[in-house]
Amino acid sequence: MKEELLNKAKLWQVEYKRHDYNPKYIFKNSETKIETLFSLSFFLSIMSIETLFNQPFKKKIKIVHNKFYKTIFLKRFQKLERIEINSFAFSLFLIFQKLFEEHEPLKSYASDLIEYTVSHWSCIDKLSHDDFFTRKKNVNLLWKKNKPIVLSRTYESRIDLIFLLYKSFELGISDKKIIKQNLSVLIFSVSKALKEFRFDVLKELKNKRL
């Protein structure tokens, strides 16, 4: 099943890249519920990645996936892999929170959206099937633990998610002033990402019956 999903993401991205990932065209051709959710998940992965790349400490979450690095620098690799997975997960959860506020019925498909989004993300990064499975397993564990926060619509819950995202970078800073500055930058970046939410995608999605 994990191989099938990763292969499906690859074929999907090759197909729709030729159409500049146009939401109108994509959702018009998404005939089933699974196809619609799979298409939505591509845009969720892009929004989550963009949230991370807007950070001044983005180099902390960019790693090289190859067997040589993984073998020679195993502990370093494991830490970077953990940072990458955790930071992506909390970025995705922040996007989820906005998505569910705008279209509540999608809450019912959270587990499917996680699986499909991680498959698109792994395909973009050209990962192996085993690395995809590792990502999916860990994002699901974080979802089970943090689901109540994500599904809450309070301002406090969003701040909690932003703080969890900040912790996921594992910056190792003890200076409270620097932490406060970093959090301010992160809050601004997340707010910007949510304001630039792909409402064009949501518009096309709402025309589909789930």
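The following refers to the structure shown.

Conventions we followed
- Residues take numbers from 1 onward in each chain, read along the sequence in its written order.
- Two thresholds apply to this predicted model, a pLDDT of at least 70 for residue-level local features and 80 or more for giving and counting side-chain atom pairs, whereas whole-chain, interface and lining totals are computed over all residues.
- Only hydrogens and water are removed before side-chain values are computed, so all heavy atoms of the structure are retained for them.
- Any carboxyl oxygen of Asp or Glu that lies within 4 Å of a side-chain nitrogen of Lys or Arg is treated as forming a salt bridge with it.
- In this description a helix means any DSSP run of H or I spanning at least four residues, a strand means any run of E spanning at least two, and both kinds are numbered starting from the N terminus.
- Burial classification: accessible surface area is computed with a 1.4 Å probe over protein chains only, and a residue below 20% of its type maximum counts as buried, one above 50% as exposed, and the rest as partly exposed.
- Among the buried residues, those of types Ala, Val, Leu, Ile, Met, Phe, Trp, Tyr and Cys that are joined through side-chain atoms within 4.5 Å form a nonpolar core.
- The contact definition used throughout considers only heavy atoms, calling two residues in contact when any of these lie within 4.5 Å.
- Contacts described as polar in this section are N or O atom pairs within 3.5 Å, which, within protein, must combine one atom able to donate a hydrogen with one able to accept it, while residues neighboring in sequence count only if both atoms come from side chains.

## Some words on the pattern of salt bridges
Part 1: For the structure on display, the rule yields 12 salt bridges.
Part 2: Between R158 and E101 there is a salt bridge, with the nearest N and O atoms lying 3.0 Å from each other. Linking R158 in helix α8 (residues 155–168) with E101 in helix α5 (residues 74–102), this pair joins segments that are 57 residues apart in sequence.
Part 3: Classification of E101 as partly exposed rests on a relative accessible area of 29%.
Part 4: One salt-bridge network, in which partners are shared between bridges, spans E84, D125 and R135.

## Remarks on the nonpolar core
Part 1: L40, L44, F93, F96, L99 and L113 are the most contacted members of the largest nonpolar core, which has 55 residues in total.
Part 2: With 11 residues, the single largest contributor to this core is α5.
Part 3: In contact with F93, other than residues within four places in its own chain, are V139, L142, W143, V150 and L161.

## A few points about the side chain of K136
Part 1: When you line up the elements, K136 lands in helix α7 (residues 129–151).
Part 2: Once you skip the residues sitting within four places of it in the chain, K136 turns out to touch E115 and V118.

## Here we look at unusual backbone geometry
A negative phi angle characterises most non-glycine residues, just as the trans form characterises most peptide bonds.
Part 1: One non-glycine residue, D20, lies in the positive phi region at around 55°.
Part 2: By the element assignment, D20 lies in the loop between α1 (2–17) and α2 (23–28).
Part 3: Under the relative-accessibility criterion, D20 is labelled exposed at 69%.

## Some remarks on the environment of T117
Part 1: Tracing the chain through its elements places T117 in helix α6 (residues 110–124).
Part 2: Expressed as a C-alpha distance, the spacing of T117 and E4, which sit 113 residues apart in the sequence, is 14 Å.
Part 3: Once residues lying within four places of it in the same chain are set aside, the contact partners of T117 are S41, L44, S45, F88 and L92.
Part 4: Only 2.6 Å separates the side chain of T117 from the backbone oxygen of L113, close enough to count as a polar contact.

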